[in-house]
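# What the coordinates show
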Amino acid sequence: MIRIIIALVIFLSVMAISPFLIDEKGYILIAMGNTTIELTVLSAGIMLTLLFIALIVSLKLVRGGLNFSFGTWNKIAFAGQRRGIANFNKGLAAYMLEDYNQAEALFSKSAIPSKRKQSAYLLAASASAKLDLDSNTNHYLALLEKETVNIKDLGLESVIVNIKLLMNQNKADTYAKARKLIDENHKHVGHDARLLALEIDLCIIEQRFEQAVQYLAAARKDKTITDKTVQAWQQQAYYGSFNDSIKQHDSKALHDNWHALARKVKQQETVLFAYCQVLAENKIIEPLNKLLVPLFKKSPSSEFLKKIRNLPIKQADELIAIVQKQLHKNVNRGKWLSCLGHLALMSGQYSMAEKAFGSLIKLTEDEHGRQYDRQDLQALAQAHSQQGQYQAADAIWLKASSL
């Protein structure tokens, strides 16, 4: 500013002195149509200088006003966004405090003003799912779908959450939507354990058991998936596969399905029991005995025999004979008495079942350690009921309920 003032002073001084030095004022004539304007050089210079000063002053004023206006406009224009972000943050806090009603309302309210639509709609859907409000969940997921162009916009994690929310509703239409999302991102199934797990779960729900079986190999290799989870999938997938073979075809197809498996797979307990369960349910006795008789002779573990008691074996004479031989050896009588009682009950030999369970309870009392469980007592109560011993059955049911 000081430089400008100095320059103006010099300019005005030169303009004032120059006419005296040349002894001529000089004239400027401006003609526009019929109008003429005549000025001396000095007056023109003064007017231009004043105009220049006025322009500088005006520019300063306008610039200051614009700065003030932009600052005010910024505060007004972004006030809504700041409130939206505040509501979004409050929604996160409410969600973490498990106040899902408040969280849903805040996320829904903050979605547009905070410009975080995807996150807000996804979290609102999750909050409403916690409250079992399926219609609200689907509403937010629909809004999320409108805001999403591809996985880059949403992120794989958000896609996984979306799929889980749809599958958790346990409805045919939401399963179909989940299937569509998985198929759209199917290239990630082999690289992301979370998406692989959802794919296997959905295949089992859709009864695509053969497809689920194919994914099990990848699931076993993934260290983030537990053995317990893999075994549960195995049980369901192989049981479904074996059951489909006999329901859609015949016992020969079931037999072929089993024998087509690798020896290592057959030796896995979950696969073996899935096959035995289908055999027992369809009263295919001879192949079932061929599998179980050698195992019984090897004196299997208590856990193995506890699984056997869940099989609906209606013709168990051959297995009962082996169990009785094991009892004569007087080794681990507790597990064999339990096994005998359940086999006898399943095959309709209620008196034998009653005696086996009675001996099991007495054995436990003599050794001061309980070797029976609730399922044993429930089976004994059923044996009493089948023989018309209702008072004894009621007493056993009461004892079972206390365990």
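Provided above is the structure to which this section pertains.
Right, let's talk about helix H22 (residues 390–401) for a bit. Here H22 is twelve residues long and its end C-alpha atoms lie 16 Å apart, about the 16 Å a rise of 1.5 Å per residue gives. Where H22 is concerned, the buried positions are Ala 393, Ile 396 and Ala 400. Taken down its axis, H22 places every buried residue within 65° of arc, on the same side. Opposite the packed face of H22, turned more than 90 degrees from it, sit the exposed residues Gln 391, Asp 394, Leu 398 and Ser 401. The inward-facing, buried residues of H22 contact helix H21 (374–386).

All right, on to the packing of aromatic side chains then. Under the criterion given, the structure shown has eight aromatic pairs. Arranged with centres 6.0 Å apart and planes meeting at 35°, the rings of Tyr 238 and Phe 242 form a pair that is tilted. Here Tyr 238 and its partner Phe 242 are both found in helix H12 (residues 227–248), four residues apart, which amounts to about one turn of the helix. Taking relative accessible area as the criterion, Phe 242 reaches 0% and is therefore assigned buried. Ring plane angle 0° and centroid distance 4.2 Å describe the contact between Trp 258 and Tyr 275, whose orientation is recorded as stacked. Separated by 17 residues along the polypeptide, Trp 258 in helix H13 (residues 251–259) and Tyr 275 in helix H15 (residues 269–281) bring together distant segments of the chain. Relative accessible area serves as the criterion here: at 3%, Tyr 275 is assigned to the buried category. Among the aromatic residues, those joined into a cluster by ring pairs are Tyr 238, Phe 242, Trp 258 and Tyr 275.

Quick look at the layout of surface pockets now. Quantified by volume, the second largest pocket comes out at close to 300 Å³. Among the elements of the structure, helix H14 (263–266), H15 and helix H16 (285–297) are those that each provide at least two residues to the lining of the second largest pocket. Among the elements that line the lining of the second largest pocket, the one with the most residues is H16, at four residues. Taken together, the residues that form the lining of the second largest pocket break down as six nonpolar, one polar and five charged.

Rules and cut-offs
Within each chain, residues carry numbers counting from 1 in the order of the written sequence. The predicted origin of the model limits local features to residues at a pLDDT of at least 70 and limits the giving and counting of side-chain atom pairs to 80 or more, whereas totals for whole chains, interfaces and linings rest on all residues. The basis for every side-chain value is the complete set of non-hydrogen atoms in the structure, without hydrogens or water. We count a stretch as a helix when DSSP gives it H or I for four or more residues in a row; a strand needs E for two or more, and each element gets its number in order from the N terminus. In a helix, the anticipated span is given by 1.5 Å times the number of residues less one. Relative accessibility under 20% of the residue-type maximum defines a buried residue, over 50% an exposed one, and the middle range a partly exposed one, all with a 1.4 Å probe and only protein chains included. The directions from the helix axis to the C-beta atoms form the arc being described. Any two residues whose heavy atoms approach within 4.5 Å at even a single point are treated as in contact. Think of it this way: a Phe, Tyr or Trp ring, Trp meaning its six-membered ring, pairs with another when their centres are within 6.5 Å, and the plane angle makes it stacked under 30 degrees, edge-to-face over 60, tilted otherwise. Here a cavity denotes grid points, spaced 1 Å and computed from the protein atoms alone, that fit a 1.4 Å probe unable to get out, and a pocket denotes an open set having protein on both sides within 12 Å along at least 5 of 7 lines; residues with an atom within 4 Å of a point are the lining. Grid points are joined across faces, edges and corners, and a volume is the space filled by probe spheres set on the points. Three residue categories are used. Nonpolar comprises Ala, Val, Leu, Ile, Met, Phe, Trp, Tyr, Cys and Pro, charged comprises Asp, Glu, Lys and Arg, and polar comprises the others, including Gly.

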